[in-house]
Amino acid sequence: MNICGCLVHASVESVNNVRDGIQALDGAEVHASSDDGRLVVVVEDSGSTLASDQIMAMHQIPGVISVTLTYHHFEDLSQPVARATA
């Protein structure tokens, strides 16, 4: 499991198109946006695309000024989880 939190800065006049472009990416979801063009986005690996490829694709959406990775979490789900005993 690979989850990334990003802050996307878009031009104010393009923010709706940027939001739509991000939502069209498999594994990306816009959780919040502001009037000045900032969007809070969560990206995770999907069955067909890595989160890192999604982030690179966001850079190519017309109107995007910058994409900043603000959070990253990775868990190897194929490995057994150690359980604490009480």
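It should be noted that the structure appears before, not after, this text.
Before going into details, it helps to say that this report is about the structure given with it. Every chain's residues receive numbers from 1 upward, in the order its sequence appears when written. Totals for whole chains, interfaces and linings use all residues, but because this is a predicted model, local features are given only for residues with pLDDT of at least 70 and pairs of side-chain atoms are given and counted only at 80 or more. Hydrogens and water are ignored here; the side-chain numbers use all heavy atoms of the structure.

### Quick look at the pattern of salt bridges
Reasoning step 1: For this document, the term salt bridge refers to a Lys or Arg side-chain nitrogen within 4 Å of an Asp or Glu carboxyl oxygen. Summed over the entire model, instances satisfying the criterion amount to 1 salt bridge.
Reasoning step 2: Of the charged contacts in the structure, one is a salt bridge between Asp36 and Arg38, with a shortest N-O distance of 3.0 Å.
Reasoning step 3: Exposed residues in this analysis have more than 50% of their type's maximum accessible area, buried residues have under 20%, and partly exposed residues fall in between, with area computed by a 1.4 Å probe over protein chains only. Using a relative accessible area of 36% as the deciding quantity, one classes Asp36 as partly exposed.

### Structural notes on the state of the cysteines
Reasoning step 1: In what follows, a disulfide is any cysteine sulfur pair within 2.5 Å. In total, this model carries 0 disulfides according to the counting rule given.
Reasoning step 2: Counting only cysteine sulfurs, Cys6 is the nearest neighbor of Cys4, a cysteine outside any disulfide, at a range of 5.9 Å.
Reasoning step 3: Since its relative accessible area comes to 5%, Cys4 is described here as buried.
Reasoning step 4: Judged by its relative accessible area of 3%, Cys6 falls in the buried class.

### Side note on the environment of Gly5
Reasoning step 1: With respect to the secondary-structure elements, Gly5 resides in strand E1 (residues 2-10).
Reasoning step 2: Taking the relative accessible area as the measure of exposure, Gly5 reaches 12% and is therefore buried.
Reasoning step 3: The sequence separation of Gly5 and Val40 amounts to 35 residues, and the corresponding C-alpha distance is 7.4 Å.
Reasoning step 4: For Gly5, the residues in contact, after removing those within four places along its chain, are Val41, Thr68, Leu69, Thr70 and Tyr71. Secondary structure follows DSSP: runs of H or I at least 4 residues long count as helices, runs of E at least 2 residues long count as strands, and numbering of each begins at the N terminus. Whether two residues are in contact is decided by their heavy atoms, any of which lying within 4.5 Å being enough.

### Here's the deal with the environment of Thr68
Reasoning step 1: Note that Thr68 resides in strand E4 (residues 64-74).
Reasoning step 2: Put simply, Thr68 and Gly5 are 63 residues apart on the chain and 8.5 Å apart in space, counted from C-alpha to C-alpha.
Reasoning step 3: Setting aside residues no more than four positions away along its own chain, Thr68 makes contact with Gly5, Cys6 and Leu7.

### Brief notes about the pairing of strand E3 (residues 38-44)
Reasoning step 1: With burial as the criterion, only one face of E3 is covered, namely that bearing Leu39, Val41 and Val43; the residues Arg38, Val40, Val42 and Glu44 on the opposite face remain uncovered.
Reasoning step 2: Two elements, E1 and E3, share 7 bridges in a ladder whose sense is antiparallel. Residue pairing across strands places Cys6 opposite Val41, the latter belonging to E3.
Reasoning step 3: Where strand E2 (residues 28-33) lies against E3, 5 bridges are found, and the strand directions are antiparallel. Counted as the bridge partner of Ser33 is Leu39 from E3. Strands are labelled as partners when DSSP assigns at least two bridges between them.

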